[in-house]
Structure formats: structure tokens, C-alpha cells
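If you want the building blocks of each chain, they are given just below.
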Amino acid sequence: MRVYIKDLRTTCSVPGCSVAVENCQLDHIIPWGEGGPTTPWNIHPLCVFHHIQKTEGRLQCYPLPDGTVLFLVDGIPVFSIPDGPLSKSNKTWGTKFGKYMERRIAA
Ligand SMILES: [Zn+2]
């Protein structure tokens, strides 16, 4: 599950943070101590700085069913959409490349 979660994203899941996922810690979005399950939709990578901010309650985030994480930044909702090799957003690339190759072969 650790490998799967780290392949869903390329960086810390906080929007705008560029710390590589390899240097992040895995965090339960809904804390384990509050009943948050250890399952892919409830776990995301956070860099040490943002992990400490979340643990101290200065960073609020919520899991969404499709793997997106909703962050509240000064009360404003900001969505963090997975962008890694196993994310849904990358499946579009494969589809487009497949269509491109079909057209090339047909031509
Ligand atoms: Zn970060």
C-alpha cells in the first residue's frame, strides 16, 4: 500500500509544495486516533514541514473519494489532485498516446 500511495503523487500533497514524494512521510488525513482507517483514500504524502503543521492543527485537510485531498488555506478550499504514475489523471496520457498511435498506424 505504501508503494501504491507514493506512486499516486510526485510531491507532497499540499498544493504548491515541491518536496519529492520520496522525501515525504505518509499521513492519515483523518487521524488514526480519531478512527481514520489505514486505506489509500485516507493516506497521503506530506513533507516534514507540512506534517508538523498538520499535527499542530495549523493545516486542515479532508479526503475525497477519488483520492483528491481538499485543503483549507485561510478558509479557501484548494484541491490537491493526484498526479503520479498511478493516478487517474495520468491515464489520460495513455489514452491520448494510444489514439495518436492508432492514427499513425492507419495513415
Ligand atoms: Zn509539503
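Residues numbered from 1 in each chain as written. Predicted model: local features only at pLDDT ≥ 70, side-chain atom pairs only at ≥ 80, totals over all residues. Heavy atoms only, no water.

S.K.: What should I look at first to understand the overall build of the chain in this one?
M.R.: Per the secondary structure count, the chain includes three helices and five strands. Mapped in sequence order, the helices and strands of the chain form the string α-β-β-α-β-β-β-α. Burial statistics for the chain: of 107 residues in total, 32% are counted as buried. Long-range contacts, defined here as pairs at least 24 residues apart, represent 44% of the contacts in the chain between residues at least 6 apart. (Helix = DSSP H or I, 4+ residues; strand = E, 2+ residues; numbered from the N terminus. Buried < 20%, exposed > 50% of the residue type's maximum accessible area, 1.4 Å probe, protein only. Contact = heavy atoms within 4.5 Å.)

S.K.: Honestly, the coordination of the zinc ion in this entry has me stumped. Any pointers?
M.R.: Angles at a metal have ideal values that depend on geometry: 109.5 degrees with four tetrahedral donors, 90 or 180 degrees with six octahedral donors. Protein-derived coordination of the zinc ion comes from Cys12 (SG), Cys17 (SG), Cys47 (SG) and His50 (ND1), at a distance range of 2.0 to 2.3 Å. Coordination at the zinc ion is tetrahedral: its four donor atoms span angles of 95 to 117 degrees at the metal. Sequence positions of the residues that donate to the zinc ion give the spacing C-x4-C-x29-C-x2-H. Residue Cys12 is located in the loop between α1 (2-8) and β1 (25-28), and its partner Cys47 is located in the loop between β2 (43-46) and α2 (48-55); the two are separated by 35 residues in the primary sequence. Like Cys12, the residue Cys47 is buried in the burial classification. (Donors = N, O, S within 2.8 Å, 3.2 Å for Na, K, Ca; no water. Tetrahedral: all angles 85-135°; square planar, octahedral: opposite > 155°, others 65-115°.)

S.K.: Is there a simple way to think about unusual backbone geometry in this case?
M.R.: You will see that Asp74, though not glycine, has its phi angle at about 55 degrees, which is positive. With respect to the secondary-structure elements, Asp74 resides in the loop between β4 (69-73) and β5 (76-80).

S.K.: Explain the pattern of salt bridges here, please?
M.R.: Under the criterion given, the structure shown has two salt bridges. Glu56 serves as the salt-bridge partner of Arg58, at 2.4 Å between the closest nitrogen and oxygen. Glu56 shares its class with Arg58; the two are exposed. (Salt bridge = Lys/Arg side-chain N within 4 Å of Asp/Glu carboxyl O.)

S.K.: Help me understand the layout of surface pockets in this model?
M.R.: Vacant regions in the atomic arrangement are exposed by a probe of water-molecule size rolled over the atoms. Computed from the structure, the largest pocket encloses a volume of approximately 320 Å³. Sorting the residues of the lining of the largest pocket by element identifies α1, β2 and α3 (88-106) as the ones contributing at least two each. Across the lining of the largest pocket, the residue classes break down as 13 nonpolar, five polar and four charged. (1 Å grid on protein atoms, 1.4 Å probe; cavity = no way out; pocket = protein on both sides within 12 Å on 5 of 7 lines; lining within 4 Å. Points joined across faces, edges and corners; volume = space filled by probe spheres on them. Nonpolar A, V, L, I, M, F, W, Y, C, P; charged D, E, K, R; others polar.)

S.K.: Please explain the sheet that holds strand β3 (residues 60-63) as it appears in this structure.
M.R.: Two strands in a sheet stick together by hydrogen bonds in their backbones, pointing the same way (parallel) or opposite ways (antiparallel). The strand order across the open sheet built from three strands is β3-β4-β5, with neighbouring strands paired in antiparallel fashion. One side of each edge strand has no neighbouring strand; the edge strands of this open sheet are β3 and β5. This sheet shows a mean twist of 25 degrees between the axes of neighbouring strands, independent of strand direction. Here β4 pairs with β5 via five bridges, running antiparallel. Each residue of the ladder has a partner; that of Phe71, found in β5, is Val78. (Pairing = 2+ DSSP bridges. Axes fitted to C-alpha atoms, helices over the stretch in contact; angles between N-to-C directions.)

All quantities given are derived from atomic positions and should not be read as evidence of function.
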